[in-house]
Amino acid sequence: MSYERSIVYDGLSDTEYERLAENVRTAIWEELAPLESRIEDEEQIPYDIVLPVLRECGAFGLLVPREYGGSGLSIRQYLPIIAEFAKIQGGIRVVVHVHNSFAHALSEVGDDTQRKAILPGAATGAKSVAFALTEPEHGTGADLGTTARPSGSGFVLTGQKWLITNSDLASHFFVFAKTGPEEVSAFLVERDAPGLSIEPLPETMGCKGGEHGLVTLDEVTVDSSALVGKPGEGQQHLERALEISRVFIAASSLGTSERALELSLAHAQSRVTFGKAIGQRQAIQRYLAEMATDVYALRGMLADSAAKWDAGTRIPAESSMVKQFGLEAVGRVTDRALLVHGGIGYTRKHPVERLYRDARLNWLEEGTPTIQYMVAARELLSGFRFSDGFGAIGWPGRDERVQGYAGR
Ligand SMILES: Cc1cc2nc3c(=O)[nH]c(=O)nc-3n(C[C@H](O)[C@H](O)[C@H](O)COP(=O)(O)OP(=O)(O)OC[C@H]3O[C@@H](n4cnc5c(N)ncnc54)[C@H](O)[C@@H]3O)c2cc1C
């Protein structure tokens, strides 16, 4: 499945990319990582410090196309960066993820006027689009209670959305609403639109410090220019945005897993019991080997998904599978990291304890496991198959073998 792209994410040259990635890595480890303990204590990201750092290192423009002032990274280039953010405090990773993911979605499905109005500001962090799908009284996807009724030259939106990340930072909300009994449409609604109000919700288990608010739309009038695409195209925009965003969540699972593995390796080499480093015990070695195997498998799946997307291929099956595998992998890896660390890993604010809590959000972002199974199975049952080879290694005679197996 391929589609025409009006916006080209051609990425930066290797040299430009290395410079950007180095800037971001420096910002992550020298400016942001030292704030981890403060954010966990205060359950609040100090935006006065964090936002200028993100702006300065270029984190807001990573997925904004170059013609709108961003870096226009390819997915292959973006994944290691979002994975690096997932190694430190999760609340910051979530801010960066949502900002970039929905700047990317807007560049893919918005029209030229919408892109020009928002993307140059998004490249610097002056503007940001939050994703408003989930509702307190309805399911996700097409099961929506929010309505948009035609009125004059525009629409009137009524309903509630909750758990909306960056609701404290967003300049716009990407709102999904029913324009007919079976028709979902997407709208870009400005934060200060009359009738739109935002209330904070309780602090979360992990990824602390950001806001995931309750957004109420009480007879909010928008012009027809707020409609993204045509009426009834909301479901397809939603699926397209989530398709690549699920890969970003899987990259976050990778980053968290890699940090948990690094911490575990260091602990296994330094912690001595009964006269020997615990890393010399076979039981601990097994945990480490299993953690590394999950990391390696996830890296391979992510590389494949990124290469396909960058080549212009739709990847609904792959993105659901890598998202699901990623959350299971990070679950196993952070669990084993706790086992390797013993009691000290369970103490509040130990990096391993925080990674374990932060990882749990990956179960929910961009859809629960139930949704991922449903999408992957739908694609398989409607004809999705893996290609004949992977990387440089082909599988000669595959067709014959598949027919042979099918005949048994
Ligand atoms: C910190 C945080 C940030 C978030 N950020 C955003 C955001 O920015 N924007 C946004 O729109 N949402 C956001 N969400 C919401 C998140 O995407 C949802 O919580 C998640 O998709 C699950 O939806 P739900 O909470 O409505 O759970 P429910 O739909 O109530 O699901 C509860 C359980 O029932 C299962 N279930 C539900 N329906 C079915 C069905 N038909 N068949 C089988 N099983 C089913 C689910 O898989 C799950 O296990 C965020 C959530 C959190 C916690």
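Computed from a predicted structure; not experimentally measured. (Residues numbered from 1 in each chain as written. Predicted model: local features only at pLDDT ≥ 70, side-chain atom pairs only at ≥ 80, totals over all residues. Heavy atoms only, no water.)

## Quick notes on the UniProt feature "domain: Acyl-CoA dehydrogenase/oxidase C-terminal" (unreviewed entry) in the protein
Counted only if it meets this: UniProt positions are given in the numbering used here, feature names are shortened, and annotations may be inferred rather than shown by experiment. Only DSSP runs of H or I reaching four residues or more are called helices, and only runs of E reaching two or more are called strands; each is numbered from the N terminus.
In the numbering adopted here, UniProt assigns the feature "domain: Acyl-CoA dehydrogenase/oxidase C-terminal" (unreviewed entry) to residues 233–380. Across residues 233–380 one finds 76% helix and 3% strand; the C-alpha atoms that close the span lie 24 Å apart.

## Describing the pairing of strand β7 (residues 212–223)
Short version of the rule: A strand pair is defined by DSSP finding two or more bridges across the two strands.
Bridge count for strand β3 (residues 154–165) against β7 is nine bridges, and the pairing is antiparallel. Opposite Gly159, over in β7, you have Leu217 as the bridge partner.

## Brief notes about helix α7 (residues 234–270)
Put simply, the rule is: Multiplying 1.5 Å by the helix residue count minus one yields the expected span of that helix. Think of it in three bands: residues with accessible area under 20% of the maximum for their type are buried, residues over 50% are exposed, and the middle band is partly exposed, with areas taken using a 1.4 Å probe on protein chains only.
The end-to-end C-alpha separation of α7 is 54 Å, in line with the 54 Å expected for 37 residues at 1.5 Å each. Counting buried positions along α7 yields 28 of 37 residues, so the element is predominantly enclosed.

## With respect to unusual backbone geometry
In this model, Glu43 sits at a positive phi of 50°, which is unusual for a non-glycine residue. Looking at the element boundaries, Glu43 is found in the loop between α2 (36–42) and α3 (47–57). Residues other than glycine seldom take positive phi values, yet Lys349 does so here, at roughly 75°. Among the structural elements, Lys349 can be located in the loop between α9 (316–341) and α10 (351–359). Judged by relative accessible area, Lys349 falls into the partly exposed class, the value being 32%.

## Comments concerning empty space enclosed by the protein
Threshold: Put plainly, a pocket is an open set of points on a 1 Å grid over the protein atoms alone with protein on both sides within 12 Å along at least five of seven lines, a cavity is a set where a 1.4 Å probe fits but cannot get out, and a lining residue has an atom within 4 Å of a point. Grid points are joined across faces, edges and corners, and a volume is the space filled by probe spheres set on the points. Each residue is assigned to one class: nonpolar for Ala, Val, Leu, Ile, Met, Phe, Trp, Tyr, Cys and Pro, charged for Asp, Glu, Lys and Arg, and polar for all the others, Gly among them. Just so you know, the domain bounds were taken from an automatic or database domain assignment.
Within this structure, the stated rule accounts for two cavities of 30 Å³ or more. Mapped by element, the contributors of at least two residues to the lining of the largest cavity are α5 (90–109), α7 and α10. Here the lining of the largest cavity is composed, by residue class, of five nonpolar, four polar and two charged. Domain assignment of the residues forming the lining of the largest cavity places at least three in each of domain 1 (14–127) and domain 3 (235–387). What the second largest cavity holds in volume is close to 40 Å³. Lining the second largest cavity are His104, Ala105, Glu108, Val109, His237, Arg240, Ala241, Ile244 and Trp309. The set of elements that each furnish at least two residues to the lining of the second largest cavity consists of α5 and α7. For the lining of the second largest cavity, a count of residues per class yields five nonpolar, two polar and two charged. Looking at which domains feed residues into the lining of the second largest cavity, each of domain 1 (14–127) and domain 3 (235–387) supplies at least three.

## Quick word on the nonpolar core
Selection rule: Think of a nonpolar core as a cluster: buried Ala, Val, Leu, Ile, Met, Phe, Trp, Tyr and Cys residues, connected wherever their side-chain atoms sit within 4.5 Å. Note on contacts: a residue pair qualifies if any of its non-hydrogen atoms lie within 4.5 Å across the two residues.
The biggest cluster of nonpolar side chains holds 61 residues, and the ones touching the most others in it are Leu32, Leu54, Leu73, Leu79, Phe85 and Leu302. Elements supplying a minimum of two residues to this core: α1 (14–32), α3, α4 (75–85), α5, α7, α8 (282–310), α9 and α10. Counting residues per element, this core draws most heavily on α7, at nine residues. For this core, the domains that each give at least three residues are domain 1 (14–127) and domain 3 (235–387). Those residues in contact with Leu32 that lie beyond four places of it in its chain are Ala27, Val50, Val53, Leu54, Phe85, Ile88 and Ile92. Residues Phe102, Ala103, Ala123 and Phe176 belong to the second largest nonpolar core, which totals 27 residues.

## Some words on the packing of α1 against α3
A pair of packed helices is captured by two measures, namely the crossing angle of their axes and the spacing between those axes. Selection criterion: Here the axes come from fitting lines to C-alpha atoms, over the contacting stretch only for helices, and the angles between their N-to-C directions go from 0 to 180 degrees. Here the word oblique covers every angle except those under 35 degrees (roughly parallel), over 145 (roughly antiparallel) and from 65 to 115 (roughly perpendicular). Left-handed is the label given to a crossing in which the near helix is rotated counterclockwise from the far helix by less than a right angle, and right-handed is the label when the rotation is clockwise.
Put simply, α1 and α3 touch, their axes get as near as 9 Å, and they point 160° apart. It follows that α1 is roughly antiparallel to α3 by the angle criterion. The element α1 and its partner α3 pack so that their crossing is right-handed. Only Val50, Val53, Leu54 and Cys57 of α3 make contact with α1, whose side of the interface consists of Leu20, Asn23, Val24, Ala27, Glu31 and Leu32. Across the contact of α1 with α3, the residue classes break down as eight nonpolar, one polar and one charged.

## Describing the pattern of salt bridges
The condition that has to hold: A side-chain nitrogen of Lys or Arg and a carboxyl oxygen of Asp or Glu constitute a salt bridge if their distance falls within 4 Å.
Tallied over the entire structure, the rule returns 26 salt bridges. Notably, a salt bridge pairs Arg259 with Glu36, separated by 3.4 Å at the nearest N-O pair. Of the two residues, Arg259 is situated in helix α7 and Glu36 in helix α2; the sequence distance between them amounts to 223 residues. The burial state of Arg259 is the same as that of Glu36; both residues are buried. As a salt-bridge pair, Glu40 and Arg357 come within 3.0 Å of each other at their nearest N and O atoms. With Glu40 in helix α2 and Arg357 in helix α10, the pair connects residues that are 317 residues apart, well separated along the chain. You can call Arg357 buried: its relative accessible area is 12%. Taken together, the shared-partner salt bridges in this structure form one network comprising Glu36, Arg259, Arg354 and Asp358.

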